[in-house]
Amino acid sequence: MNVYDSELIAIRLAATGYQQTPRLEKADLVILNTCTIRAKAEQKAFSFLGRLARLKKKKPGLIVGVGGCVAQQEGAEILKRVPHLDLVFGTQAIDRLPALISKIEAKRCRIVDVSMSENPDLVDAAPADPDHYAVSRFVTIMRGCDNFCTYCVVPYVRGRETSRDPDNIVKEIKFFVDSGVKEVTLLGQNVNSYGKKEGLLSFTELLARVQAIEGLLRIRFTTSHPKDFDQDLIDAFQENDKLCNHIHLPVQSGSNQVLKRMNRKYTKELYLDKVTKLRDTCPEIAITSDMIVGFPGESDADFDETLALMKKVEFDGLFAFMYSDRPNAPATRFKAKISESQKSERLQILLELQETYTKKKNVALIGSIQPIIAEGISKKQSSGSLDQPDQAVQWTGRTSTNKIVNFYHGDISGSSSNIFPGKMVQVKIDKAYAHSLWGKPVEIESTAEGLKGEKSYAA
Ligand code: 5AD
Ligand code: SF4
């Protein structure tokens, strides 16, 4: 979500004449897009803002702005806390950014704009610099959230759930595809409830419309809420051949008591039942999840139930977090807080267990041929690697199941490479690491009998 919003910010600023620079000290304007979902993210934002004080001292004309969820949550308070800050703009003020910046340039005043907007389409992505679009893009389909999980700040900083108009979403994706984009990830806090409130299309109907876009090769989406994840979406995985074989289905805990106090509105049995149905229909599907350790009142027995659920599901990947109090979130007022050391101990145990499953799932792919979209090349030549052919370029891409695959191909000049960003390449996996795979590109050929054979690509 924040990557998409940062792109929107860059697009809006480019339209007013600002260009991006990789060197902070050269900048005339620095915008920090912030996240407040966990305490750590917020601390990082403030420490970066603190470091900008020195830069502003050297360059008094520098304009410093802070946007995103921290800005939405703290508003004018941040101006008090950060004296060298010029602008605080909220999650729904991105479209007003050019006007806000012009005002600061003209009047050298300090501005706070955290007002909400009713229109989720207000921040449609516009053509900025299509030459620099990546192969894969995020597209927000809905904003905000109505679920009010007790640990979560999102409904307070991003507002109520609102879905974007499907015609605008399709138009935006078509524009990206015309500019070379091959894969989109549809974003929302709870994509399963897309369009329900507004009486628009359902999420699976939207998927069908996106699937029909010519030239688009792959569709991903995130995030699904287990309570709303249903047979319709399971069927979509079977019917929609552009839909990638991966679902991110955050479970948060394996204990029913904890789930109840988190206000997640499902039990671990219901979650496991949905996973079983999904795997019965799509045996190859990769399932990833989010987990919180140390939620207030989480006992050793609760934590053991979380580990037991992980052993049952064997997730392909897991994002695990230590619980942190967030402003306005009801769990902040819950008693029986877990100590930092206990949270950290539990996190360690959980991560170690997950590591075995992540590795196991990767190892299972050795010998298989995976279609991947070549996303880009790393020009960095690793010197002296025995495995690296002379002058070969390191390419990267992802499997349909969202696992990173690296491979060597072509030469650094790019002249003899028949692989380019956006090309679908068949890669035979020969090595599996904890968080990535290595392979060799192969060509799939039809033989006289109509069977498919493989041969190595000419590098
Ligand atoms: N503490 C720890 N983790 C949190 N998350 C959300 N709020 C908190 C919090 N207060 C995690 C959840 C969510 C992910 C995006 O961040 O696991 O799915
Ligand atoms: Fe937060 Fe729950 Fe909404 Fe996800 S579903 S954004 S965790 S309130």
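So, here's what we can say about the structure. Computed from a prediction, not measured in an experiment: that's the story for all the values here.

So, how was this worked out
Residues numbered from 1 in each chain as written. Chains lettered and ligands numbered in written order. Predicted model: local features only at pLDDT ≥ 70, side-chain atom pairs only at ≥ 80, totals over all residues. Heavy atoms only, no water. Helix = DSSP H or I, 4+ residues; strand = E, 2+ residues; numbered from the N terminus. Near = heavy atom within 4 Å. Polar contact = N/O pair within 3.5 Å; in protein donor to acceptor, adjacent residues only side chain to side chain. Areas by Shrake-Rupley, 256 points an atom, 1.4 Å probe, with all protein chains shown as cover. Nonpolar A, V, L, I, M, F, W, Y, C, P; charged D, E, K, R; others polar. Buried < 20%, exposed > 50% of the residue type's maximum accessible area, 1.4 Å probe, protein only. Arc of directions from axis to C-beta. Expected span 1.5 Å × (residues − 1). Contact = heavy atoms within 4.5 Å. Axes fitted to C-alpha atoms, helices over the stretch in contact; angles between N-to-C directions. Parallel < 35°, antiparallel > 145°, perpendicular 65-115°, else oblique. Left-handed = near helix turned anticlockwise from the far one by under 90°.

1. Let's talk about unusual backbone geometry
In this structure, the amide linkage connecting Thr222 to the following residue, Thr223, adopts the cis form with an omega of 10°. Position of Thr223 relative to the elements: it lies in the loop between strand E9 (218-222) and helix H9 (231-239). For Asn402, which is not a glycine, the phi torsion comes out positive at approximately 75°. With respect to the helices, strands and loops of the structure, Asn402 is situated in the loop between strand E14 (393-398) and strand E15 (404-409).

2. A few points about the site of ligand 1
In the vicinity of ligand 1, the residues found are Ile37, Arg38, Tyr151, Gln252, Asp290, Ile292, Phe321, Met322, Tyr323, Ser324 and Arg326. Taking Arg38, its side chain carries an N or O atom lying 2.6 Å from an oxygen atom of ligand 1. Backbone polar atom of Ser324 to a nitrogen atom of ligand 1: 2.8 Å apart, as the coordinates give it. Expressed as a share of its isolated accessible area of 410 Å², the protein-covered part of ligand 1 is 88%. Contributions of two or more residues to the shell around ligand 1 are made by strand E11 (286-293) and strand E12 (317-322). Broken down by class, the residue content of the shell around ligand 1 amounts to six nonpolar, two polar and three charged.

3. Here we look at helix H5 (residues 97-107)
All buried positions along H5 are accounted for by Leu97, Pro98, Leu100, Ile101 and Ile104. For H5, the arc enclosing every buried residue in end-on projection is 165°, short of the 170-degree limit, so these residues lie on one face. Across from the buried face of H5, at angles greater than 90 degrees, the exposed residues are Ala99, Ala106 and Lys107. Where H5 terminates, the next one or two residues include Arg108, which has phi positive at roughly 50°.

4. Details of helix H11 (residues 268-281)
Every α-helical turn comprises 3.6 residues, leaving residues that sit three or four positions apart pointing alike. Helix length check: H11 (14 residues) gives 20 Å between terminal C-alpha atoms against 20 Å at 1.5 Å per residue, within 8%. Those residues of H11 lying buried are Lys268, Tyr271, Leu272, Lys274, Val275 and Leu278. The buried residues of H11 occupy an angular sector of 160° when the element is viewed end-on, so they sit on one face. For H11, the secondary structure elements touched by its buried residues are H9, strand E10 (246-248), helix H10 (256-261), E11 and helix H12 (300-313).

5. Quick look at the packing of H9 against H11
One way to put it is that H9 packs onto H11 with a least axis distance of 10 Å and a crossing angle of 25°. Judged by the angle between their axes, H9 and H11 are roughly parallel. In this structure, H9 meets H11 at a crossing whose hand is right-handed. Packed against H9, whose contacting residues are Gln231, Ile234, Phe237 and Gln238, the element H11 presents Lys274, Lys277, Leu278 and Thr281 at the interface. Here the residues of the contact of H9 with H11 sort into three nonpolar, three polar and two charged.

6. Side note on the site of ligand 2
The immediate surroundings of ligand 2 are formed by Cys145, Asn147, Phe148, Cys149, Tyr151, Cys152, Val154, Pro155, Gln189, His225 and Arg264. Classifying every residue of the shell around ligand 2 gives seven nonpolar, three polar and one charged.

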